[in-house]
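The residues making up each chain are set out below.
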Amino acid sequence: MTVLQCSLYQAIIFVTLITFGRLHVNAQQTQASTASFKKHIISKTFVSEGVSVGDVNNDGITDVLAGNYWYQAPAFNKHLLHVDTLNPVPGYSTTFLNFCMDVNRDGWIDLIRFDQPGGVCAWYENPKNNKGLWKSHIILQTAGNETPAFADVDLDGRMDLICNDNTAKQVLWLKSPATKEDTTWERYVISRDSLRGTHKYTHGLGWGDVNKDGKNDVLIKSGWWESPANVKDADWKFHAANFGEDCANMFVYDLDKDGDQDVITSSAHTYGIWWHEQKQEGNGNTSWVTHEIIKSFSQTHALAFKDMNADGHPDLITGKRYFAHNGKDPGAFEPAVVYWYQYKPGKDPQWIPHLIDNNSGIGTNFVVTDMNKDGLPDIITSNKKGVFFLEQLKPAANNRKKIK
């Protein structure tokens, strides 16, 4: 073989390897970004704007809780849980948000319910498979903010609540009961400024480490409260910032990978989702530059930020809160969609849209979790169209586990 032939042979091998490598990477990327969903209609009745999930009867299967009912998986049979939301204000629900946790540490998950903004926040005690309604316990009589946060504030392994008391005009976090059979929620004041984030209809709340000091902070659309060393200390320092219009869930993440934290917000009642880029000025001050993610549908009144395709990056999940104000919001009569946006990090972050469904939508909170333990995140929503389980499917149907 001549030197020229040898060089050509080596070049062919090199190009072949490079091409194969690219095809292999592209195949992996395509597989990572592929996700399809099957819609299960749990209920066609408007029972709540909030929803949660948990194993209510300790049978090892994840059930759905929405409004005054829990739906027993796998058939999602309906059981009456309480009667506090059977007579809502016309056109609205008195279950605005639901969360689940074992409040009194008796080994059975309980239900937390936020009424309409400014109404009661209560938890309902699981009767441990005994018949009858669940016993109600008041957490806060007048709980405001349209997106209260469910987060482990003091890092004790137990979830807590962040909201406002619109009567006392304070922003609070409420520590969940710490010992077995305890039912006391301890109250800690984040802010006493009566004009900042204390209206019952305050839109937008976030929990994340804005300044990368290792402690999570509390965000609203006009800025953020810096967490002190001891989160039980009162009157956290406030930093003013412009995070846009009335929003919903707010997420903190280094989206452009420049070493500082950015913020994601959405429009709760009009059009738009944005990310706000944190900039450090030469004088030591911080500024924020707003970038549009999408503006294709309105009423994104709840969001989640979780990895949908196992590529190691969190993705954005949201949809339309169908008829949030009973047809009075911009785009109210457009399809009730649910989307996930594949996040690709970089200096100019990319958000690839994936339509999940166009006739369900979201409420004021929804759940992204693996319902059937197959390793794929599913989506559970509740709103004026009903209650829905959007099951993520594997490409090969025969690899799919059933809920059992």
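Residues numbered from 1 in each chain as written. Predicted model: local features only at pLDDT ≥ 70, side-chain atom pairs only at ≥ 80, totals over all residues. Heavy atoms only, no water.

## Notes on the overall build of the protein chain
Stated precisely, the cut-off is as follows: Per the convention used, a helix needs a DSSP run of H or I reaching at least four residues, while a strand needs a run of E reaching at least two, with both numbered from the N terminus. Exposure is judged per residue with a 1.4 Å probe applied to protein chains only, and the accessible area is read against the type maximum: over 50% gives exposed, under 20% gives buried, and values in between give partly exposed. Contact criterion: two residues are considered in contact whenever any of their non-hydrogen atoms come within 4.5 Å of each other. We get accessible surface area from the Shrake-Rupley algorithm with a probe of 1.4 Å; when it comes to residues, only the shown protein chains can shield them.
In terms of regular secondary structure, the protein chain is built from one helix and 28 strands. For the protein chain, buried positions account for 55% of its 404 residues. In the protein chain, the share of contacts with a sequence separation of at least 24, taken over all contacts with a separation of at least 6, comes to 48%. Working note: accessible area of the protein chain is about 18,000 Å², and carbon and sulfur atoms make up 52% of it.

## Structural notes on the sheet that holds strand β9 (residues 135–140)
Condition: When DSSP finds two or more bridges between two strands, those strands count as paired. The convention used is that axes are lines fitted to C-alpha atoms, helices contributing only their stretch in contact, and that angles between N-to-C directions extend from 0 to 180 degrees.
On the basis of which strands lie adjacent, the open sheet formed by four strands has the order β6-β7-β8-β9 and antiparallel pairing. Only two strands of the sheet have a single partner each, and these edge strands are β6 (97–101) and β9. On average, each strand axis in the sheet is tilted by 25° relative to the strand beside it, whichever way the strands run. Sheet topology places β6 next to strand β7 (residues 110–114); five bridges connect them, and they run antiparallel. Following the sheet pairing, asparagine 98 is matched in β7 by arginine 113.

## Comments concerning the layout of surface pockets
As a reminder of what qualifies: Whether a set of points on the 1 Å grid over the protein atoms alone is a cavity depends on a 1.4 Å probe fitting there but being unable to get out, while an open set qualifies as a pocket with protein on both sides within 12 Å along at least five of seven lines; lining residues are those with an atom within 4 Å of a point. Grid points are joined across faces, edges and corners, and a volume is the space filled by probe spheres set on the points. Side-chain classes follow a simple rule in which Ala, Val, Leu, Ile, Met, Phe, Trp, Tyr, Cys and Pro form the nonpolar group, Asp, Glu, Lys and Arg form the charged group, and the remainder, Gly included, forms the polar group.
In this structure, the largest pocket spans a volume of roughly 840 Å³. Phe99, Phe150, Asn249, Lys306 and Phe366 are the residues nearest the centre of the largest pocket, which is lined by 37 residues in total. Among the elements of the structure, β2 (52–54), β6, β10 (143–151), β14 (205–208), β18 (249–253), β22 (303–306) and β26 (367–369) are those that each provide at least two residues to the lining of the largest pocket. The biggest single contributor to the lining of the largest pocket is β10, with five residues. Along the lines of polarity and charge, the residues of the lining of the largest pocket split into 22 nonpolar, 12 polar and three charged.

## Description of the packing of aromatic side chains
Note the threshold: Planes of paired rings set the category: under 30 degrees apart is stacked, over 60 is edge-to-face and the rest tilted, where pairs are Phe, Tyr or Trp rings (Trp by its six-membered ring) whose centres lie within 6.5 Å. Both a distance and an angle decide whether a charge sits over a ring: NZ of Lys or CZ of Arg must be within 6 Å of the ring centre and within 35 degrees of the ring normal.
Inspection of the entire model under this criterion finds 16 aromatic pairs. A centroid spacing of 4.9 Å and a plane angle of 20° characterise the contact between tryptophan 173 and tyrosine 188, whose relative ring orientation is stacked. Here tryptophan 173 is found in strand β12 (residues 170–175), whereas its partner tyrosine 188 is found in strand β13 (residues 186–191), with 15 residues between them in sequence. Look at tryptophan 173 and you get buried, because its relative accessible area is 0%. Judged by its relative accessible area of 14%, tyrosine 188 falls in the buried class. Look at phenylalanine 297 and tyrosine 339: their rings are 5.5 Å apart centre to centre, the planes differ by 10°, and that puts the pair in the stacked class. Here phenylalanine 297 is found in strand β21 (residues 286–298), whereas its partner tyrosine 339 is found in strand β24 (residues 338–344), with 42 residues between them in sequence. Sitting above the plane of the tyrosine 69 ring, lysine 78 keeps its charged end 4.5 Å from the centroid. Here lysine 385 stacks its cationic end above the ring of tyrosine 322, 4.5 Å away from the centre of that ring.

## Description of the pairing of strand β27 (residues 378–383)
One face of the sheet, then the other: side chains in a regular strand alternate in exactly this way. In terms of burial, β27 is a largely internal element, six of the six residues being buried. Sheet topology places β26 next to β27; three bridges connect them, and they run antiparallel. When the bridges of β27 are listed, valine 367 appears paired with isoleucine 380. One ladder, built from five bridges, connects β27 with strand β28 (residues 386–393); its direction is antiparallel. Bridged to serine 382 within β28 is valine 387. In textbook terms, the turn of a hairpin is the stretch between consecutive antiparallel strands, and for β27 and β28 this stretch comprises two residues.

## Brief notes about the pattern of salt bridges
We apply this condition: Just to be clear on terms, a salt bridge is a Lys or Arg side-chain nitrogen sitting within 4 Å of an Asp or Glu carboxyl oxygen.
Within the structure shown, the criterion is met by 14 salt bridges. Close ionic contact of lysine 39 with aspartate 357 constitutes a salt bridge, the shortest N to O distance being 3.3 Å. Linking lysine 39 in strand β1 (residues 36–43) with aspartate 357 in strand β25 (residues 350–357), this pair joins segments that are 318 residues apart in sequence. Residue class for lysine 39 comes out partly exposed when judged on its relative accessible area of 29%.

## So, the side chain of aspartate 315
What counts, and what does not: This count recognises Lys and Arg as positive and Asp and Glu as negative, with His and chain-terminal groups excluded. N or O atoms closer than or at 3.5 Å make up a polar contact, with two conditions inside protein: a donor-capable atom paired with an acceptor-capable one, and, for residues adjacent in sequence, both atoms drawn from side chains.
With respect to the helices and strands, aspartate 315 occurs in strand β23 (residues 315–319). Within the buried set, aspartate 315 has no salt-bridge partner at all; the shortest N-O distance to an opposite charge, 9.5 Å, is to lysine 344. A distance of 2.8 Å separates a polar atom in the side chain of aspartate 315 from the backbone nitrogen of methionine 308. The contacts of aspartate 315, once residues within four sequence positions are left out, are Ala304, Phe305, Lys306, Asp307, Met308, Asn309, Trp340, Tyr341, Gln342 and Tyr343.

## Quick look at the sheet that holds β2
Pairing is antiparallel in the open sheet, where four strands are placed in the order β2-β3-β4-β5. Pairing within the sheet leaves two strands with one partner each, and these edge strands are β2 and β5 (77–80). Looking at each pair of strands side by side, their axes are set apart by 25° on average, direction ignored. Alignment of strand β3 (residues 63–66) against strand β4 (residues 69–72), held across three bridges, turns out to be antiparallel. Residue pairing for β4: alanine 66 is matched across the bridge by tyrosine 69.

## Quick word on the confidence of the model for the protein chain
Inclusion rule: Summary of the metric used: pLDDT quantifies the predictor's per-residue confidence within the range 0 to 100.
Chain-level statistics for the protein chain give a pLDDT mean of 90 and a share of 89% at 70 or above. A low-confidence stretch, residues 1–33 stays under pLDDT 50, and its non-local contacts, those more than four residues away or across chains, total seven contacts.

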